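Listed below, chain by chain, are the residues.
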There are 2 protein chains.
Amino acid sequence: MDTTARADWKLTYRRDCPSRTVIEVLANKWALYVLGALRRYDRPMRFNELRRVLDGITQKMLTQTLRALERDGLVSRTVYPTVPPRVEYELTALGVEAGQLTAAIADWSVAHAQEILTARGRFDERDAAPPAPVR
Amino acid sequence: MDTTARADWKLTYRRDCPSRTVIEVLANKWALYVLGALRRYDRPMRFNELRRVLDGITQKMLTQTLRALERDGLVSRTVYPTVPPRVEYELTALGVEAGQLTAAIADWSVAHAQEILTARGRFDERDAAPPAPVR
DNA sequence: CTGAATCCCAGAGGATACTG
DNA sequence: CAGTATCCTCTGGGATTCAG
């Protein structure tokens, strides 16, 4: 690993740190889901297949997310000039690495969802229960 | 780890999977930064200290993010009834776990920022360079 | 010092229709 | 099938002000 990454970590939180622009691509639910799905299935996937898997994503967001990931070199896009057209998306080596990180978040969230939802419920209950009105 | 998390991973991508609400709290740049900072400094931190560290965050977003993390049981909030008021934020055990995942993303982004920014430049160049006009 | 409350708006993101 | 193009809504999030 790059040692400078660890030495200068305080810089990560500076507004002008270039890594912020990278983090902000990854810190996005759809990017996280797309990377996750591509990593889980571990094979090239077509546009509509991804769309079906990522329940609830709109075509616009899927296109947009795939473009952003392709732009950053995390996903490769291959067009087969057939008819009907066929386009396959696949993780690059870099994308596989990123996918492992985002998949870890997804896994962890699934594993702790119940626990967290319970905490959330407790918090909301306190919040929703104002101090007994003075009488 | 929870075995069901791995067995049912396809469910992660379903719209109604409860884990989605958890993922979506984590898949947020400010949450990622806050967890990262608390984990890096590894000690309770005060509101304005966090604000200074997280260059560019507004008071509103910091409050909002801390609330969300507190609600989900990832951060604890301790008020010392002194004057002036003093409030300390600290990661819970759960928050430390989540912080490791988000810090991994931050580290990775820093380590690969240059590489990714280069890819981004290449992509934008192609994009901005339409095919040479026929002559 | 640690917030809560308002105002405001650019832009994220959904729905729908059209195209090669 | 794999998009692009619009339109339109809603909210993330910044700036500012006030309060305990």
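So, how was this worked out
- Residues numbered from 1 in each chain as written.
- Chains lettered and ligands numbered in written order.
- Predicted model: local features only at pLDDT ≥ 70, side-chain atom pairs only at ≥ 80, totals over all residues.
- Heavy atoms only, no water.
- Helix = DSSP H or I, 4+ residues; strand = E, 2+ residues; numbered from the N terminus.
- Buried < 20%, exposed > 50% of the residue type's maximum accessible area, 1.4 Å probe, protein only.
- Polar contact = N/O pair within 3.5 Å; in protein donor to acceptor, adjacent residues only side chain to side chain.
- Contact = heavy atoms within 4.5 Å.
- Axes fitted to C-alpha atoms, helices over the stretch in contact; angles between N-to-C directions.
- UniProt positions renumbered as here; feature names shortened; annotations may be inferred.
- Near = heavy atom within 4 Å.
- Nonpolar A, V, L, I, M, F, W, Y, C, P; charged D, E, K, R; others polar.

1. Quick notes on unusual backbone geometry
All names here are of chain A. Geometrically, the link from V83 to P84 is a cis peptide bond, its omega value of 5° lying close to zero. Tracing the chain through its elements places P84 in the loop between β2 (75-80) and β3 (86-91). Positive phi values are uncommon outside glycine, yet D42 reaches one of about 55°. Of the residues examined, D42 reaches a relative accessible area of 65% and is grouped as exposed.

2. Structural notes on the side chain of R120 of chain A
Locating R120 of chain A in the fold gives a position in helix α6 (residues 93-128). Using a relative accessible area of 11% as the deciding quantity, one classes R120 of chain A as buried. Within the structure, R120 of chain A has its side chain in polar contact with the side chain of D72 of chain B (distance 2.7 Å). Contacts of R120 of chain A, omitting those with residues within four sequence positions, involve T21, V22, V25, R71 and D72 of chain B.

3. What to know about the packing of helix α2 (residues 19-26) of chain A against helix α3 (residues 29-41) of chain B
Here α2 of chain A crosses α3 of chain B at 115°, and the two axes come no closer than 9 Å. In this structure, α2 of chain A contributes R20, I23 and E24 of chain A to the contact, and α3 of chain B contributes K29, W30, L32 and Y33 of chain B.

4. Considerations on the UniProt feature "domain: HTH hxlR-type" (unreviewed entry) in chain A
Residues annotated by UniProt as "domain: HTH hxlR-type" (unreviewed entry) correspond here to residues 17-117 of chain A. Annotation note: span residues 17-117 of chain A, helix share 65%, strand share 14%, distance between end C-alpha atoms 34 Å.

5. Brief notes about the protein's contact with DNA strand D
Surrounding DNA strand D, one finds 18 residues, the nearest of these being R46, Q59, R77 and Y89 of chain A together with K60 of chain B. The sugar-phosphate share of atoms of DNA strand D within 4 Å of the protein amounts to 62%. The separation between a base oxygen of DNA strand D and a polar side-chain atom of K60 of chain B is 2.3 Å. Of all the secondary-structure elements, those providing two or more residues to the surface near DNA strand D are α4 (47-53), α5 (59-71) and β3 of chain A together with α5 (59-71) of chain B. Here the element with the most residues in the surface near DNA strand D is α5 of chain A; it accounts for four residues. Residue classes in the surface near DNA strand D are distributed as seven nonpolar, six polar and five charged.

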